[in-house]
Amino acid sequence: MKYVRHEITPEELSRQAELMERVAELSAARETPPLALVDTYGCQQNEADSEKLRGMLRKMGYAMTQSEAEADVIVINTCAVREHAEQRVLGNVGALTHTKKAKPSQIICLCGCMMQEPGMAERIKNSYPHVRMVFGPHVLWRFPEYLLRLLTGGKRVFATEESDGVIAEGLPSERDSRIKAWLPIMYGCNNFCSYCIVPYVRGRERSRTPEDVLREARELVEMGYKDITLLGQNVNSYGKDLENGVDFSGLIERINDIPGEFLIRFMTSHPKDAGEKLFSTMARCEKCARHIHLPFQSGSDRVLEAMNRRYTREGYLELVRLARKYMPDVVLTSDVIVGFPGETEEEFEDTLSLVREVRFDALFTFIFSPRVGTPAARMPDPFTREEKQRRFDRLIEAQNAISEEKHRSYIGRTLRVLADGEDGDMLTARTSGGRLVRFPGGRELLGQFCDVEITSSNTWALGGTLR
Ligand code: SAM
Ligand code: SF4
Ligand code: F3S
C-alpha cells in the first residue's frame with residue numbers, strides 16, 4: 001500500500017487565519033455576538049473535529065449556543081458508519097426547515113464522514129435546499145473560507161472532493177472538557193475491513209509527526225489536562241508512513257516522559273498490529289492507563305476472513321493472554337458485529353464462546369449495517385433482521401452478566417480514580433481501566449486523582465466513598 005501524505009502548507013493555513021479575521025470583523029459589527037451550534041455524531045475523531053470547528057467559530061467571533069432556534073450557524077458533523085446514524089442525521093436536518101423558516105438568515109452546514117459518501121452531497125443539494133454548506137472531512141480546515149463566502153452573499157457550498165486525506169496542523173480548538181482531551185495522532189485507515197466505510201470517507205492512513213503530537217501533549221499537560229486519549233482508527237500503525245522511526249510504542253514512551261500526573265489512553269488498536277512490544281511498553285509506562293480497547297468483531301475464523309480482519313480467533317485469544325501476562329489487571333473492552341452477511345448460528349455461537357472465554361469488562365455490540373460501496377454490502381445475507389436481533393439480545397445478556405460479575409469483584413478495593421464530572425449530588429470518575437465510578441464529594445475534587453473505596457456495583461458502574 002502506498003502511503004500518501006498531504007500536509008496543508010503554512011501559507012494555506014495563514015490564508016484561512018486571515019479569512020477568520022474577516023469573519024470576526026463581520027461578527028464584531030453586530031450588536032451582539034452571533035451564535036453557533038455544533039452537533040456531533042459518530043466517534044471520538046468526529047468529537048475532536050467538532051472541537052476544531054468550535055475553535056474556528058470562536059475565533060470568528062461566534063458564541064456557542066445549544067438552541068437550534070437561536071443559532072445563526074448550525075454545523076452538523078455526521079457519521080456514516082451505520083445506517084441508523086445516517087437516518088438520525090437526515091431526520092434532524094429535515095426538522096431544521098422550521099428553524100430556517102423562522103430565521104431565514106440561519107446558515108445550516110453539514111460536514112463529516114457521511115458527506116464524503118458518493119452521491120450524498122447531490123442528495124442534500126436536491127432534497128434539503130435549506131442546507132447552505134456541505135463539506136467532507138478532508139476540507140474541514142477551509143471552513144472559514146466557506147463561511148465567509150456565504151456571509152458575503154455567495155452561492156451554496158458543496159466541497160466534497162475525493163482525497164487521500166490531509167493533515168492540517170495548528171487549527172484552533174475549543175475543547176469540551178478541562179480535564180479530558182482528545183489528541184489525534186493519525187487520520188484515516190488502510191485496513192478496508194469488508195463491512196466498513198471509514199477508509200472510503202476518511203482516506204488513507206497518515207500520521208502526525210511525533211514533534212507535533214508531543215508539542216500538543218505538552219501543551220495539554222501544561223493546561224492541566226489529566227486524561228489524554230490518543231486517537232486513530234488503528235493507532236498501532238502510527239508512524240508507518242513517517243521516516244523517523246518512531247512507532248506507536250515509541251510515541252507512548254515519549255509522552256510518558258512528559259513530567260506531571262496524567263493518564264495516557266488510546267483508541268483504537270487493531271489486533272493484527274498489536275503485540276508484545278505494545279503490551280510491554282504499556283506495562284512499563286506508569287502513566288499509561290490499564291485499558292485496551294481491542295475490537296475482535298467475530299469469534300469465527302470464516303467470518304473474520306470474510307471481514308478481512310487478518311487475524312484468527314486463536315490469534316486474538318493469544319493476544320489477550322499476552323496482554324494479561326504483562327498487565328494482569330488490564331481492563332479489556334471490545335467491539336463486535338452480529339449478523340455479518342451469511343453468519344450462521346454456529347458462527348454466532350463462536351462469537352458467544354469467545355466472549356465467555358475472554359470475559360471482557362465491557363463490549364460495544366453492533367448489528368451489521370450494509371454500507372453501499374463496501375464488499376460486505378454485496379454479500380448474500382440470508383438471515384432475517386429478527387434472527388439477528390435475537391442473537392444480539394443473547395450476546396448482550398451474556399456480556400451484561402460478565403460485566404456485572406466483574407464489577408462486583410471491585411467491591412472492597414480502593415482505587416485511584418480521576419474525578420471528571422458531576423451527576424446530581426455525586427461526582428463521577430474513571431478508573432485507570434476506564435470504569436465509571438460515582439461517589440459523594442465536593443466540586444473542588446474535579447480534575448483530581450482521588451482514592452475511592454468501592455462499596456457497590458452494577459452492570460455499568462461502581463459506587464464508592466472517598467478514602
Ligand atoms: N477502527 C476501529 C477498529 O477497527 O477497531 C473501529 C472503528 S468503527 C468506527 C467502530 C466499530 O463500528 C467497529 O469496530 C465495528 O464493530 C463497527 N462497525 C463498523 N462498520 C460497521 C457496519 N457496517 N455495521 C455494523 N457495525 C459496524
Ligand atoms: Fe473500519 Fe476496519 Fe479501519 Fe476500523 S480498521 S476503521 S473497522 S476499516
Ligand atoms: Fe463515523 Fe466517521 Fe467516526 S464514519 S465512526 S464519524 S470516522
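Below or above, wherever it landed, is the structure these notes cover. Since this is a predicted model, take the numbers as computed values, not measurements.

Overview of the site of ligand 1
The immediate surroundings of ligand 1 are formed by 15 residues, with Q233, P295, Q297, D335 and S369 found nearest. In this structure, a nitrogen atom belonging to ligand 1 sits 3.0 Å away from a main-chain N or O atom of Y195. For ligand 1, the protein covers 92% of the area, taking 560 Å² as the surface of the free molecule. Its residues assigned to classes, the shell around ligand 1 comprises 7 nonpolar, 4 polar and 4 charged. Here the shell around ligand 1 spans two domains, since at least three of its residues come from each of domain 2 (177-289) and domain 3 (290-408).

Focus: the packing of aromatic side chains
For the structure on display, the rule yields 10 aromatic pairs. Each ring, one from F135 and one from Y146, has its centre 6.1 Å from the other, and the planes form 45°; the classification is tilted. Taken together, the positions of F135 in strand β5 (residues 131-135) and Y146 in helix α6 (residues 143-151) put the pair 11 residues apart, joining distant regions of the chain. Using a relative accessible area of 0% as the deciding quantity, one classes F135 as buried. The class for Y146 is buried, based on a relative accessible area of 2%. Here K125 stacks its cationic end above the ring of F158, 4.8 Å away from the centre of that ring. Lying across the ring of F383, R391 places its NZ or CZ 4.7 Å from the centre.

Here's the deal with the nonpolar core
A general trend in soluble globular proteins is that nonpolar side chains are found buried together. Residues I255 and F279 are the most contacted members of the largest nonpolar core, which totals 58 residues. Per element, the largest residue contribution to this core is 6 residues, and it comes from helix α12 (residues 313-326). Each of domain 2 (177-289) and domain 3 (290-408) contributes no fewer than three residues to this core. Not counting chain neighbours up to four residues away, the residues in contact with F279 comprise A274, I292, L319, L322, A323, Y326 and M327. Core analysis: the next-biggest nonpolar cluster, separate from the first, contains 32 residues, L19, A36, Y62 and W141 among them.

The rules we used
- Residues numbered from 1 in each chain as written.
- Chains lettered and ligands numbered in written order.
- Predicted model: local features only at pLDDT ≥ 70, side-chain atom pairs only at ≥ 80, totals over all residues.
- Heavy atoms only, no water.
- Near = heavy atom within 4 Å.
- Polar contact = N/O pair within 3.5 Å; in protein donor to acceptor, adjacent residues only side chain to side chain.
- Areas by Shrake-Rupley, 256 points an atom, 1.4 Å probe, with all protein chains shown as cover.
- Nonpolar A, V, L, I, M, F, W, Y, C, P; charged D, E, K, R; others polar.
- Domains from an automatic or database assignment.
- Phe/Tyr/Trp six-rings, centres within 6.5 Å; stacked < 30°, edge-to-face > 60°.
- Helix = DSSP H or I, 4+ residues; strand = E, 2+ residues; numbered from the N terminus.
- Buried < 20%, exposed > 50% of the residue type's maximum accessible area, 1.4 Å probe, protein only.
- Lys NZ or Arg CZ within 6 Å of the ring centre and 35° of its normal.
- Core = buried A, V, L, I, M, F, W, Y, C linked by side-chain atoms within 4.5 Å.
- Contact = heavy atoms within 4.5 Å.

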